[in-house]
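Summary of the model geometry
Chain by chain, the residues:
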Amino acid sequence: MKRPVLLIGGMDSSGGAGLARDLLSVQAAGQTARLAVTAVTAQTDRRVLAVVPVAPALLAAQIEAALETGIGAVKIGAMFNAPLIRVVAALLPDVPVVLDPVLCSSSGHALLDPEGVQAMIALLLPRTTVLTPNLPELAGLAAALGMDPASEREAVVDVLLSRGCRSVLLKGGHDLSSSVSEDILYAAGSCPLAFRSPRFSFELRGTGCQLASGLAAGLARGQDVPEAIRAARCGVEARFRNAG
């Protein structure tokens, strides 16, 4: 029996990212979803005009309603503040969790305050099956951990793993020095595993959301982490090809 994926994150009024993109990704993977909205935003592809987080009690009610039907995996996106993170941490079921550490929008608008970043590290990392930072997010997490944002990537990943998350999928889409797009999976006690695909000459919004939610869909189906990553990356690549 298929078990739904619980998608926790913000509503992007443009439809390009956030829960709108998550839902499309999960449905494309053949799974169903339950939604828990952390905030409503007004934005375009170029800028964020407004953000209104929901009340913690409302977020808790949404998650509790979703859990009544049984959940196969959880994908966590934009969380906006520490009180909402505390709600999620208190209610997370014992299933695979994919955490996409959304620190700011594609246009550069901050989506998680410093207190929220610390709460995410302390409360959500120990519950995370796969953390999916891009390179700017890795630098932001390094700073929050008291490290130089320019620290070696592997050194930051090691600290994140030591904080309790089971694996880190470092997304290399921002590394324009490479002719391919390379994501690397790190897990304690295992050799890094690279996933490569062609680099396209244009950008699409919401690819991080799509990858993380597609990964959660695979884990809900019972795939192991590498298999779920491969399937999710195929979905992202197909979107690029269709948009080209």
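First, a word on scope: everything that follows refers to the structure included in this document. Everything numeric in this text was worked out from a predicted model, so none of it was measured.

So, how was this worked out
In this convention, every chain numbers its residues from 1, walking through the sequence in written order. Reporting in this predicted model follows two pLDDT cut-offs: at least 70 for local features of residues, and 80 or more for side-chain atom pairs to be given and counted; totals over whole chains, interfaces and linings ignore these cut-offs and use all residues. Values reported for side chains reflect all heavy atoms of the structure, with hydrogen atoms and water molecules removed beforehand. Runs of E in the DSSP output that reach at least two residues are strands. Runs of H or I that reach at least four are helices, and both are numbered from the N terminus. In this treatment the radius of gyration is a C-alpha quantity, and the globule benchmark scales as 2.2 Å times the residue count to the 0.38 power. Exposed residues in this analysis have more than 50% of their type's maximum accessible area, buried residues have under 20%, and partly exposed residues fall in between, with area computed by a 1.4 Å probe over protein chains only. The contact criterion used throughout is that any non-hydrogen atoms of two residues lie within 4.5 Å. A residue counts as positive if it is Lys or Arg and as negative if it is Asp or Glu; His and the chain ends are not included. By convention, the point assigned to a charge is CZ for Arg, NZ for Lys, CD for Glu and CG for Asp. Polar contacts, as counted here, are pairs of nitrogen or oxygen atoms within 3.5 Å of one another; within protein the pair requires one atom able to donate a hydrogen and one able to accept it, and residues that are adjacent in sequence qualify only if both atoms are side-chain atoms. By this rule the span expected of a helix is its residue count minus one, scaled by 1.5 Å. An arc is given here, and it is the one of the directions from the helix axis to the C-beta atoms. The term salt bridge refers to a pairing of a side-chain nitrogen on Lys or Arg with a carboxyl oxygen on Asp or Glu at a separation within 4 Å. Between any two strands, pairing holds if DSSP finds at least two bridges. What is meant by a nonpolar core is a set of buried Ala, Val, Leu, Ile, Met, Phe, Trp, Tyr and Cys residues, joined one to another through side-chain atoms within 4.5 Å. Only the contacting stretch of a helix is used when fitting its axis, a line to C-alpha atoms as for every element, and angles between N-to-C directions run 0 to 180 degrees. For any pair of crossing helices, the crossing counts as left-handed if the nearer helix is rotated counterclockwise from the farther one by less than a right angle, and right-handed if it is rotated clockwise. For this classification, Asp, Glu, Lys and Arg are treated as charged, while Ala, Val, Leu, Ile, Met, Phe, Trp, Tyr, Cys and Pro are nonpolar and the rest, including Gly, are polar.

**Considerations on the overall build of the protein**
- A count of helices and strands for the protein gives eight helices and nine strands.
- Against the globule reference of 18 Å for 244 residues, the protein gives a C-alpha radius of gyration of 16 Å, in line with a compact fold.
- Considered along the principal axes of its C-alpha atoms, the protein spans approximately 45 × 40 × 40 Å.
- Buried positions account for 50% of the 244 residues belonging to the protein.
- When contacts within the protein are restricted to residue pairs at least 6 apart in sequence, those whose partners lie at least 24 apart make up 67%.
- Taken together, the 21 basic and 21 acidic charged side chains of the protein have centroids lying 6 Å from each other.

**Notes on the environment of Leu112**
- By secondary structure assignment, the location of Leu112 is in the loop between strand E5 (97–99) and helix H4 (114–124).
- In this structure Leu112 comes out as buried when scored by relative accessible area, which is 9%.
- With 84 residues separating them along the chain, Leu112 and Ala28 place their C-alpha atoms 29 Å apart.
- Among all residues touching Leu112, those that are not within four sequence positions of it are Met79, Phe80, Asn81, Ile85, Val102, Leu103, Val117 and Met120.

**As for the side chain of Asn134**
- In this fold, Asn134 is placed in the loop between strand E6 (130–131) and helix H5 (135–144).
- The buried category is assigned to Asn134, whose relative accessible area is 15%.
- In this structure the side chain of Asn134 is engaged in a polar contact, spanning 2.8 Å, whose partner is the backbone nitrogen of Glu137.

**Section: the side chain of Arg239**
- Within the fold, Arg239 resides in helix H8 (residues 225–243).
- Ignoring anything within four residues of it in the chain, the contact list for Arg239 reads Gly16, Arg21, Leu204, Arg205, Gly206, Thr207 and Gln210.

**Details of helix H2 (residues 56–67)**
- The terminal C-alpha atoms of H2, which comprises 12 residues, lie 17 Å apart, in line with the 16 Å expected from a rise of 1.5 Å per residue.
- Taken together, the buried positions of H2 are Leu59, Ala60, Gln62, Ile63 and Ala66. Across the axial projection of H2, the buried residues extend over an arc of 160°, all falling on one side.
- Those residues of H2 that are buried lie in contact with strand E1 (5–12), strand E2 (33–43) and helix H3 (82–91).

**Overview of the pattern of salt bridges**
- Under the definition given, this model contains five salt bridges.
- Residue Asp100 is joined to Lys171 by a salt bridge in which the shortest nitrogen-to-oxygen separation is 3.6 Å. Of the two residues, Asp100 is situated in the loop between E5 and H4 and Lys171 in the loop between strand E7 (167–170) and strand E8 (180–187); the sequence distance between them amounts to 71 residues.
- Look at Asp100 and you get buried, because its relative accessible area is 3%.
- Lys171 gets classed as buried once you look at its relative accessible area, which sits at 9%.
- Glu237 is the partner of Arg241 in a salt bridge, and the nearest nitrogen-oxygen pair spans 2.7 Å.

**Here's the deal with the pairing of strand E9 (residues 193–198)**
- For E8 and E9, the ladder comprises six bridges, and the chain directions are antiparallel. Each bridged residue has a counterpart across the sheet, and for Leu185 the counterpart in E9 is Leu193.
- Taken together, E8 and the strand that follows it, E9, pair antiparallel across an intervening segment of five residues, in which Gly189 is found at a positive phi of about 80°.

**Observations regarding the nonpolar core**
- Judged by nonpolar contacts, the single largest core of 75 residues is most densely connected at Ile8, Leu59, Val74, Ile76, Val88, Leu124 and Leu160.
- Take this core: its biggest share by element is seven residues, from helix H7 (residues 207–220).
- Residues within four places of Val74 in sequence aside, it is in contact with Leu6, Ile8, Leu92, Pro93, Val95, Pro96, Val97, Val98 and Ala216.

**Describing the packing of H5 against helix H6 (residues 153–162)**
- At a minimum axis separation of 10 Å, H5 and H6 run at an interaxial angle of 60°. As H5 packs across H6, the resulting crossing turns out to be left-handed. Along the contact surface, H5 presents Leu135, Leu138, Leu141 and Ala142, while H6 presents Arg153, Val156, Val157 and Leu160.
- Taken together, the residues of the contact of H5 with H6 break down into seven nonpolar, no polar and one charged.

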